[in-house]
Amino acid sequence: MSKVLIIEDDEILNGGLCYNLQKRGIEPFPAYTIEEAGRLLSGESFDLILLDINLPDGDGFQFAQNTIVHYEIPFIFLTAHNLDDEIIEGYHLGADDYITKPFSIKIVMEKIQAVLRRCGSPDCTLYSCGNLVIDFEKRIVRKNGDILPLTPTEFELLQFFCKNRRQILTKDVLLENIWDSKGNYVNEHTLSLNISRLRNKIADRESNYIKTIYGMGYKWIGTEEESV
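Starting afresh in each chain, residues are numbered from 1 along the sequence in its written order. With the structure being a predicted model, the display of local features is reserved for residues of pLDDT at least 70 and the display and counting of side-chain atom pairs for 80 or more, all residues being used for whole-chain, interface and lining totals. Excluding hydrogens and water, the side-chain figures rest on all heavy atoms present in the structure.

Explanation requested: the packing of aromatic side chains in the structure shown.
We describe a pair of aromatic rings using the distance from one ring centre to the other and the angle between the two ring planes. Put simply, two rings from Phe, Tyr or Trp (the six-membered ring, in Trp's case) pair if the centres are within 6.5 Å, and we call them stacked under 30 degrees between planes, edge-to-face over 60, tilted for the rest. On inspection of all chains with the given rule, the structure shows five aromatic pairs. Where Phe29 meets Phe46, the ring centres are 5.1 Å apart and the plane angle is 80°; that geometry is what we call edge-to-face. Here Phe46 lies in the loop between α2 (34-43) and β3 (48-52) and Phe29 lies in strand β2 (residues 27-31), a separation of 17 residues in the sequence. There is no split in this pair, since Phe29 and Phe46 are both buried. Labels follow the DSSP assignment, with helices taken as runs of H or I lasting at least four residues and strands as runs of E lasting at least two, numbered in each case from the N terminus. Relative accessible area decides the class of each residue, using a 1.4 Å probe on protein chains only: under 20% of the type maximum gives buried, over 50% gives exposed, and in between gives partly exposed.

Shown next, in the form of structure tokens:
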């Protein structure tokens, strides 16, 4: 499970960020001061830091420059100021993104998940997309924080789509990799039925995640609506 340190002195905002991260299977650690954040950093390993620039006991820029850079943890600045000079300074310090308040919580969650995907190790076993969190090692899928009851075949399909996202997967490729490789030969109807059941379980108002490319096959589109 990914761990995110949230350094934000606004308790309501910090709590809202924590709540939304938990819904996506990400473990949040709230800190309201630089001192508190320093203690957490010294005793815990984090995958990402959300850092407010204006904190009660110091400056977020200085904390990033003097402390965070030594841990080699990706971080995102949070600020109420939308000034070009501040944004540029933030990127010069190595920030992975810069979010100005007020912001859409959905957009912030997408930015967080994008940074976690981008900065994760190549053999990372955890994949987050929209309201889904997929643990390939434990074979667990969570949607809005709740475990989805997938069959072994549905999970293997989902895993194959995620590992080959942005690629069009033909029916022959799917049949060969999910069934034929194990000596279980099935027809296209069985494939279509399993994909339909998988879609119904993972889909939400924001995305169906899997798109049918008529005459060709299927494609994992995540939360983006793409045309082919």
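Help me out: how do you make sense of a negative patch on the surface in this one?
By definition, no residue in a patch forms a salt bridge, and every one has over 30% relative accessible area; like charges are joined within 9 Å, nonpolar side chains (Val, Leu, Ile, Met, Phe, Trp, Tyr) within 5 Å. Only the protein chains shown count as cover for residues, and all accessible areas are computed by the Shrake-Rupley method using a 1.4 Å probe. We define a salt bridge as a contact between a side-chain nitrogen of Lys or Arg and a carboxyl oxygen of Asp or Glu at a distance within 4 Å. Neither His nor the chain ends is counted toward charge; the positive residues are Lys and Arg and the negative residues Asp and Glu. To locate a charge, take NZ of a lysine, CZ of an arginine, CG of an aspartate or CD of a glutamate. A cluster of acidic residues, Asp59, Asp84, Asp85 and Glu89, forms a negative patch at the surface. The element that contributes the greatest number of residues to the negative patch is helix α4 (residues 84-92), accounting for three residues. Its place among the elements puts Asp59 in strand β5 (residues 58-59). Relative accessible area serves as the criterion here: at 30%, Asp59 is assigned to the partly exposed category.

Help me out: how do you make sense of the sheet that holds strand β12 (residues 168-170) in this one?
Sheet strands pair via backbone hydrogen bonds, and the direction of the pair is either parallel or antiparallel. A pair of strands is labelled paired if DSSP reports no fewer than 2 bridges between them. Here we have three strands laid out as an open sheet, ordered β12-β14-β13, and antiparallel in their pairing. With partners counted over all chains shown, the strands left at the sheet margins are β12 and β13 (209-213), one partner each. On average, each strand axis in the sheet is tilted by 30° relative to the strand beside it, whichever way the strands run. We call two residues in contact whenever any of their non-hydrogen atoms come within 4.5 Å of each other. Working convention: axes come from line fits to C-alpha atoms, limited for helices to the stretch in contact. Angles between N-to-C directions cover 0 to 180 degrees. Contacting β12, β13 and β14 (217-222), helix α6 (residues 152-163) crosses the sheet at an angle of about 70° to β14. Along the sheet, helix α8 (residues 188-202) makes contact with β13 and β14, crossing β13 at roughly 140°.

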